[in-house]
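Single-letter residue listing:
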Amino acid sequence: MAGSGDEGLYSRQLYVLGGGARRLAGAAALVSGLRGTGAQVAAALVLAGTGRVVLHDRGAACTADRAHQFLLGESDVGQNRAEASQQVLAELNPRVTVAAHTGELSEAFLASFQVVVLTESSLEEQLRVGDFCHARGICFIVADTKGLAGQLFCDFGEHFVVDDPAEGDPACAAVQHISQGNPGVVTCMGTEDSRSHLFCDGDLVTFSGVEGMTELNSQDPVPVHVLDAFRLEIGDTSTFSPYRCGGLVSQVRLPQVHSCEPLRQALAEPRIQVASPEELPRSRSLHAAFQALHAFRGEQGRLPRPRALADTERVLELARSLGAQQGPLDEDVVRAFASVSAGDLCPVAAVVGALAAQEVLKAITRKFLPLDQWLYFDALECLALEGAMQLTEEDCAPRGSRYDGQIAVFGNAFQEQLGRQKYLVVGAGAIGCELLKNFAMMGLAAGPGGDLTVTDMDTVALSNLHRQFLYRSADISKPKSVVAAAAVRRMNPCIRVTAHQNQVGPATEPLYGDSFFRGLDGVVGALDTLEARTYLESRCLRCLTPLLDSGTEGPRGNVLTMVPPLTKPLGPAGTPGDGTFPLCTLRYFPRTIQHTLQWARDEFEGLFQLPAEHVNRFMEDPAFPEQLPAGKALEVLEQVRGSLWERPRDWQDCVRWARRHWQSRYHDAIAQLLHTFPPEHETSPGVPFWVGDRSCPHPLTFDPDNDTHLEYILAAAHLFAQAHKVPPCSDRASVRTILRSVVLPPFVPEEGLQIPLAEEREEVQAPADHRRLAELTQDLVQRRQELVGGEEAQVPMMEPIHFEKDNNTHIDFIMAASNLRAENYGIPPADWLTSKRIAGRIVPAIITTTAAVAGLACLEVYKLVWGCRDPSCYRNSNLCLSNCLLLRVQPLPPPTYRYGGREWSCWDQLELRAVGADGQEMTVQEVLDWLQRTHGWTVTMLLRGHTVLYDREEDEETRARQRAQRLLENLEDAGEPRQRELELYYVCEGEDAEAEDARPPLLCSLP
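A short tour of the structure in this document, coming up. None of these values were measured; they are calculated from a predicted model. (Residues numbered from 1 in each chain as written. Predicted model: local features only at pLDDT ≥ 70, side-chain atom pairs only at ≥ 80, totals over all residues. Heavy atoms only, no water.)

Notes on the pattern of salt bridges
Threshold: Salt bridges are identified by distance alone: a Lys or Arg side-chain nitrogen within 4 Å of an Asp or Glu carboxyl oxygen. Secondary structure elements are taken from DSSP: a helix is a run of H or I of four residues or more, a strand is a run of E of two residues or more, and numbering for both begins at the N terminus. In this scheme, a residue with accessible area under 20% of its type's maximum is buried, one over 50% is exposed, and one in between is partly exposed, where area comes from a 1.4 Å probe on protein chains only.
Under the defined criterion, the tally for this structure stands at 51 salt bridges. E125 is the partner of R128 in a salt bridge, and the nearest nitrogen-oxygen pair spans 3.8 Å. Taken together, the positions of R128 and E125, both in helix α5 (residues 123-136) and three residues apart, correspond to about one turn of that helix. Judged by its relative accessible area of 23%, E125 falls in the partly exposed class. Between D332 and R335 there is a salt bridge whose closest N-O contact spans 3.7 Å. Separated by three residues within a single helix, D332 and R335 lie in helix α9 (residues 331-339), roughly one turn from each other. For D332, a relative accessible area of 56% gives the class exposed. Residues joined by salt bridges that share partners form a network here, namely R35, D57, D65, R81, E120 and D344.

With respect to unusual backbone geometry
The amide bond that connects D372 to the next residue, Q373, takes the cis arrangement and shows omega of -25°. With respect to the helices and strands, the residue Q373 is situated in the loop between α10 (346-365) and β16 (374-378). At R366, a position not held by glycine, the phi torsion is positive, near 60°. Located in the positive-phi region is A445, a residue other than glycine, with phi close to 60°. Along the chain, A445 turns up in the loop between α13 (430-442) and β18 (451-455). For A445, a relative accessible area of 0% corresponds to the buried category.

What to know about the pairing of strand β32 (residues 981-988)
Note the following rule: Here, a strand pair is defined by DSSP locating no fewer than two bridges between the strands.
On β32, burial follows the alternation: L982, L984, Y986 and C988 on one face are buried, whereas E981, E983, Y985 and V987 on the facing-out side are not. Of the pairings in the sheet, the one linking β32 to strand β33 (residues 1002-1005) comprises four bridges and is antiparallel in character. The residue of β33 that forms the bridge with L982 is C1004.

Quick notes on the sheet that holds strand β3 (residues 97-101)
Quick note on the threshold: An axis is simply a line fitted to the C-alpha atoms; with a helix, the fit covers only the stretch in contact. Between two such axes, the angle follows the N-to-C directions and lies from 0 to 180 degrees.
Pairing is mixed in the open sheet, where seven strands are placed in the order β3-β2-β1-β4-β5-β6-β16. On the outer flanks of this sheet lie β3 and β16, each paired with one strand and no other. Pairs of neighbouring strands in the sheet enclose a mean axial angle of 15°, with direction left out of account. Where strand β5 (residues 139-146) meets strand β6 (residues 149-155), seven bridges bridge the pair, whose relative direction is antiparallel.

Notes on the pairing of strand β8 (residues 172-178)
Of the strand pairs in this sheet, β8 and strand β14 (residues 248-252) are connected by three bridges, and their pairing is antiparallel. From the neighbouring strand, A173 faces β14, where its bridge partner is V249. One ladder, built from three bridges, connects β8 with strand β9 (residues 185-188); its direction is antiparallel. Each residue of the ladder has a partner; that of H177, found in β9, is T187. Adjacent in sequence and paired antiparallel, β8 and β9 are bridged by six residues.

Below you can see the structure in the form of structure tokens.
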């Protein structure tokens, strides 16, 4: 059965939050404080589908709010922040009730919420509300940002039950063998995705489908001890029956209970979560600094003035008195924090707000472990930038600008520099939307000379709306880049943004060439394929352009910083599994639901796409099979024949076809396999055939009252009708009536059928039957003439159906086809959403991760805009929201190598203005002479890509011709397009073998 409309909208999020996500629609959350952090929390909760979100703020919006509160327009200045934000958030997700409250936070008002979030409250209000929420069992969260730092606190009560504490699906492995002993040892089979099992010591597991040692199938969960990558100990099996074959071992996740202290107690005895023990002293200092800031505000009625030394020292005094009980105080951290605490930065609000929103989702869905109990985040390394420490109180004083919160941290001159930036954003998906939103708030490219280019080939889809903030339902099917650019212009009319709909790749190098990349101040990648990311890095590497690369998968995210020539290039990313499996595994010996889902994908293509494509091509050009190898031509023509001879006249014919195909796949094919290899078959005396990675299947018997059987018939018949352009019908009762009238002949096994048992044999093609090929061609040509001459012919005759992961009928077929095959082989079935995720190769995604990652990336943009040349100021970030961990480390320095008697960095390039004495481009000889004269290198080979420009091993006549040719002559002869810059590859005399790929590239600028 297809997923509901909400599942279509929230599917990527459901893969992150699991079944607990369905609690969101009935939940109510309060977000108090609608400045930058509160806006981020509220927007994430609305996008995620929280049933009721109430916004609370008693203050009026001011001009400076518009550099971090992205829900406010110019006309909202002077209006209550909560009321001004309510309408925008309501439009963001019509399924969510969004209300505004401008009164006090009374106990009667608070009692109606499951989660309360405070973002702009005084310490007194935090304590009062925290005490009430703790006593009433209401989950309570404090999220606060000041300048370059933020704090997060969670109190989910004394008895909070986490239903599912971990990410992803529970671990599962196919069983190869189980020993009789104490302890018994389970040997697991590796899979194509992982060469080992994924269990950990202490995991609880259950068994299913085990033959022989059947006692395990009914056991309660038992703990395992991991012996190695394939073996587990499970306790005493000495009295059990001997293991015969089959079975799955599956992890069982039990609920966990967590207890939290109320804020009043947690302030004095903080449990602070850190990524490493080395971070704890810094976090403790920030814990004292935030309390000192509350005390300072209580004394002065304001925050410390930016860069005001007296105010900073007073905060430090207060922190000393508060921090003594927490251990040594890092006074430099407190000073840095206090000096910019009046600032408001959109990226910091994005990070802390996203972390807070994820904790709200944990409280509602009971998925993932909650924060225990404090978390501190800072980017105070930004203040170590050259010149930043010399900023004065006057440099950072407010100007009455929307950017005053940013000027308070970095000064007015920096703000003007931000406006002049030229940036490229590649990808306008989930991360891209958050980046563009942040750039609009920061004022990047919003001044004279600024330019922001965003490019994306994709269009807005329904499943984008729950995590891509810039899009609305009215934008579905519109170009993402165009819609996104228009949205950020509304946020900041001064931003100079241009939308492109191009892929950045080899085909678009005339548009995005070297001069384009060299004219940029930076590139931010928000791409979802490794190939695209690798290409973008190569362009930035060649053109010495800074690159920020970001990515997410479910609750995990990362930001990688590449700054020439300071940091190591990003390098090749790990290659994920490509989802391919051995054919013999898919056809005869599946072991996992991944195998059956891939088999179903192949079925879909083989039934509804390829035959239609081949029929249409044959009707257009009956000679096209002659261009194929004989074996392939025979396969294609058999498909064409099947499609033409099985052409349905009406919907009833489509149902009958689906019923025949069901019988062929789930009964006859399995019966034939068991006829060839009976259950008792042995590969050699005493060695069973059906053992290890071969599970013995059983045929299915069709039942029109079985839901899975009927779903298969409905989906298959619908797709068959669509392919043949026959009107479909969805009436289940009439389909059952048709099915009961279908009479099929009994199955008769084929004798002597050869079934390949290994991939190697599967790949060996049988010799082509040329006589059969000639007969089939003649029959089909005659049939084509009959169709063309009659009224039946349509052009094209059939409609090829390409699998679409967001088409419910396609997923209905995939799920039913896969689960029926899984039933054949005793494999646990997959539900609709799981089938969609695996078959569609969907990456789980959620707004909180993308917002946090974009905020982290924008913090690195600040450093690039400043022109920071100190690599210790930059950060690579890894984020895991499922357990609220954030790890930020310095990028590695660039690698070096020796060549030609000196040391080179991976960023070094040889630059040659390749203009000869006559004003034209140099000849090859002149390039060789330059290398000899400048570096003392005697070149033995010169190349451009695979085109050889000079080779010393050629004969004298050839060498003379090569040396005399001009660079562009040589390349135009090879068919390469004319370019203004060339990257040449060379080999020099006396090189050792290690120098093959370690030499600086030669970049030639042509006239």
